[in-house]
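Here is how the chains run, residue by residue.
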Amino acid sequence: MFKWFDERLELKKFKEKFLSKTFPTHPTFLIGEIALFSFITLVVTGIFLGLLYEPSTKMVSLFGAMVPAAYASVVRIDLLPMGMLIRRIHHWSAMIMIAAILAHLMRVYFTSAYRNPREINWFVGLGLFGISLFAAFTGYLLPYSNFSVTATSIGYYIAKSVPWIGNWISTLLFAGDFPSNATVPRFFFLHVMFIPFLLVSLIVLHMVILVKQKHTEPAVNRTKKESQNGKRLIGIPIWPEQAIISIAFYFFLLFVIVLIATYIPLNPIESYGPPAAGTPVMRPDWYFLIVYGFLKLIPGDLSFSIFGGKITPETIGGVIFPTFLILVFALIPLLDRAKQPQHYISNPLHRPFMTALGITGGVFLTMLIVSGYIDVLKIAPKTMILYVVLATAAAGAVSYSLLRVYNRNKNGGKNV
Ligand code: HEM
């Protein structure tokens, strides 16, 4: 059988060329795989949901009440055997994928794996991160519950607040005004066709670049190679060793996701109900709390004009601030002082400035997530701003000082 295929497709050559490539081993390299495997789970469960979901807001009868068809179809999915579990697995996989992308980004940042020659893969990765967030945002609307409409309208006002071209962007994304009957079919198309297509294309590009440039290696490999006078890359072949580890790891991850999804409910739309007047205060999932928290800290009456473009709190919190964050992340490989090709992962403890900068940024963003709860915590926005500044400054000062002392002691009193 294999021979038949081999004669036609030259499978042996393919195996020799690609599958026998070496993959270095380090537990943190599995974080990228968690993102990849969560995406696969999202696609598989998404196909199931897509077959039963109705992308329409026409009113239909559900247990005697008139509700939007999209909402009714999701309630019916929940009533199917395993239906609610699969919907929860889909949502939990999205949460885990975004958490894994962030952890993977931090791994690449703290070990300086973004340096020459991997800058392009850093930019591709940032694209993947942004598109994954957009996938989550478009998914929020689909069940068309009370929560969906509230969460999506925040995005609608942010899109509208882009100076000069806000109306054009919001019309393009939301297919007109929101809420309107046209938005659900538009988001359904974006969520199940356009965004997955972009994600798959960028993931393939990410992996092709990875194979071409080879993975960075743990620093201990350098010493091993010097003693063995060996060539670059110590590790295990992609086939069969790495493939077996990855498949086993995928089933373990799936087990964890199913366990969480079984016991922890997520987006229980039956208790939110269909869209209605007087929506209760609801917070978006944690990864959108950074923008949501930032918006809470901006005075509601802060509005002014520049060259005819209106700047509102939504523009500052939802457009300028995220654009600024993306720029900062994009500039990291360009501003890093080391320009020599780097093939071994750095020890974060030996990079006091960059490591302290990463910790400071992480604390700042975490404090913004906390700011999303100021109503619950009963903290005034001005007081919260003070806490954010103090915590961020303290994180920077303490982490930088400790790392400097650590390195000075290690180097026998000399500064690094
Ligand atoms: C859907 C999102 C993503 C997926 C599925 C993904 C997947 C992977 C995988 C499986 C690897 C090899 C194993 C590893 O190093 O962990 C990798 C490497 C890499 N990724 Fe990602 N990644 C994603 C997003 C990102 C992001 C957000 C960044 C940074 C902004 C990034 C930058 C890199 C770089 C620079 C490498 C090479 C690392 C090295 O050689 O040490 N990736 N990615």
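Definitions and limits used
- Residues numbered from 1 in each chain as written.
- Predicted model: local features only at pLDDT ≥ 70, side-chain atom pairs only at ≥ 80, totals over all residues.
- Heavy atoms only, no water.
- Helix = DSSP H or I, 4+ residues; strand = E, 2+ residues; numbered from the N terminus.
- Rg over C-alpha atoms; globule rule 2.2 N^0.38 Å.
- Buried < 20%, exposed > 50% of the residue type's maximum accessible area, 1.4 Å probe, protein only.
- Contact = heavy atoms within 4.5 Å.
- Areas by Shrake-Rupley, 256 points an atom, 1.4 Å probe, with all protein chains shown as cover.
- Lys, Arg positive; Asp, Glu negative; His and termini not counted.
- Charge placed at Lys NZ, Arg CZ, Asp CG, Glu CD.
- Patch = residues over 30% accessible without salt bridge, like charges linked within 9 Å, V, L, I, M, F, W, Y side chains within 5 Å.
- Salt bridge = Lys/Arg side-chain N within 4 Å of Asp/Glu carboxyl O.
- Domains from an automatic or database assignment.
- Buried area = accessible area lost by both parts, 1.4 Å probe.
- Polar contact = N/O pair within 3.5 Å; in protein donor to acceptor, adjacent residues only side chain to side chain.
- Nonpolar A, V, L, I, M, F, W, Y, C, P; charged D, E, K, R; others polar.
- Near = heavy atom within 4 Å.
- Axes fitted to C-alpha atoms, helices over the stretch in contact; angles between N-to-C directions.
- Parallel < 35°, antiparallel > 145°, perpendicular 65-115°, else oblique.
- Left-handed = near helix turned anticlockwise from the far one by under 90°.
- Expected span 1.5 Å × (residues − 1).
- Bend = angle between axes of the 7 residues up to and from the residue.
- Donors = N, O, S within 2.8 Å, 3.2 Å for Na, K, Ca; no water.
- Tetrahedral: all angles 85-135°; square planar, octahedral: opposite > 155°, others 65-115°.

## Some remarks on the overall build of the protein
Of the regular secondary structure elements, the protein holds 17 helices and six strands. Taken over C-alpha atoms, the radius of gyration comes to 24 Å for the protein, in line with the 22 Å a tight globule of 416 residues would show. Once the C-alpha set of the protein is aligned to its principal axes, its extents read approximately 75 × 65 × 45 Å. The 416 residues of the protein split such that 43% are buried. When contacts within the protein are restricted to residue pairs at least 6 apart in sequence, long-range pairs at least 24 apart make up 73% of them. For the protein, the exposed area adds up to about 22,500 Å²; of that, 73% sits on carbon and sulfur atoms. On the protein, the mean spot of the 35 positive side-chain charges and the mean spot of the 18 negative ones are 8 Å from each other.

## Regarding a positive patch on the surface
Positive charge collects at one region of the surface, where Lys-17, Lys-21, Lys-212 and Lys-214 lie side by side. Note on placement: Lys-21 falls in the loop between α2 (11–19) and β1 (22–23).

## Things to note about the domain arrangement of the protein
A common way to report how large an interface is uses the accessible area buried once the components associate. Each assigned domain of the protein is listed with its residue range as follows: domain 1 (22–160 + 168–287) and domain 2 (347–416). Taking only C-alpha atoms, the centre of domain 1 and the centre of domain 2 are 29 Å apart. Contacts between the two partners involve nine residues from domain 1, matched on the other side by 12 residues from domain 2. A combined buried area of about 790 Å² lies between domain 1 and domain 2, and 52% of that area is made up of carbon and sulfur atoms. For domain 1, the biggest contributors to the area lost against domain 2 are Tyr-109, Phe-110 and Arg-283; these three give 71% of the whole. There are one salt bridge connecting domain 1 and domain 2. Across the pair Asp-375 and Arg-283 runs a salt bridge whose closest N-O atoms are separated by 3.0 Å. Joining domain 1 to domain 2, the criterion identifies six residue pairs in polar contact (both at pLDDT 80 or more). When its residues are assigned to classes, the side of domain 1 that touches domain 2 shows five nonpolar, two polar and two charged.

## Focus on the site of the ligand
For the ligand, the set of nearby residues contains 23 residues, the closest of which are His-104, Arg-107, His-206, His-215 and Thr-216. Within the side chain of Arg-118, one N or O atom sits 3.1 Å away from an oxygen atom of the ligand. Broken down by secondary-structure element, the contributors of at least two residues to the shell around the ligand are α3 (30–52), α5 (83–110), α6 (119–141) and α9 (183–213).

## Remarks on the environment of Gly-273
Following the sequence through the fold, Gly-273 ends up in the loop between α12 (269–272) and α13 (289–297). Expressed as a C-alpha distance, the spacing of Gly-273 and Ala-395, which sit 122 residues apart in the sequence, is 42 Å. Ignoring any residue separated from it by four or fewer positions in sequence, one finds Gly-273 in contact with Tyr-71, Ser-145 and Asn-146.

## Regarding the packing of α5 against α6
Remark: α5 packs on α6, axes separated minimally by 10 Å, with the N-to-C direction vectors making an angle of 160°. One finds that α5 runs roughly antiparallel with respect to α6. As α5 runs across α6, the sense of the crossing is left-handed. Of α6, the residues touching α5 (which contributes Met-97, Ile-98, Ile-101, Leu-102, Leu-105, Val-108 and Tyr-109) are Trp-122, Leu-126, Phe-129, Ser-132, Leu-133 and Ala-136. Of the residues belonging to the contact of α5 with α6, the class tally is 12 nonpolar, one polar and no charged.

## As for α9
Between its terminal C-alpha atoms α9 stretches 42 Å, which fits the 45 Å expected from 31 residues at 1.5 Å a residue. Leu-190 marks the point of greatest bend in α9, at about 40°. If you check which residues of α9 are buried, you get Thr-183, Val-184, Phe-187, Phe-188, Leu-190, His-191, Ile-195, Leu-199, Ile-203, His-206, Ile-209 and Gln-213. Close packing links the buried residues of α9 with α3, α5, α6, α7 (146–160) and α8 (166–174). Following α9 by one or two positions, Lys-214 adopts a phi angle in the positive range, close to 70°.

## Some thoughts on the coordination of the iron atom of the ligand
Every protein donor of the iron atom of the ligand is listed here as His-104 (NE2) and His-206 (NE2), and their distances to the metal cover 2.0 to 2.1 Å. Each of the six donor atoms around the iron atom of the ligand contributes to a set of angles spanning 85 to 180°, which defines the coordination as octahedral. On the criterion of sequence distance, the pair formed by His-104 in helix α5 and His-206 in helix α9 is long-range, its members being 102 residues apart. In this structure His-104 comes out as partly exposed when scored by relative accessible area, which is 22%.

## Concerning the environment of Val-43
For Val-43, the location among the structural elements is in helix α3. Sequence separation between Val-43 and Pro-268 is 225 residues; the distance between their C-alpha atoms is 21 Å.

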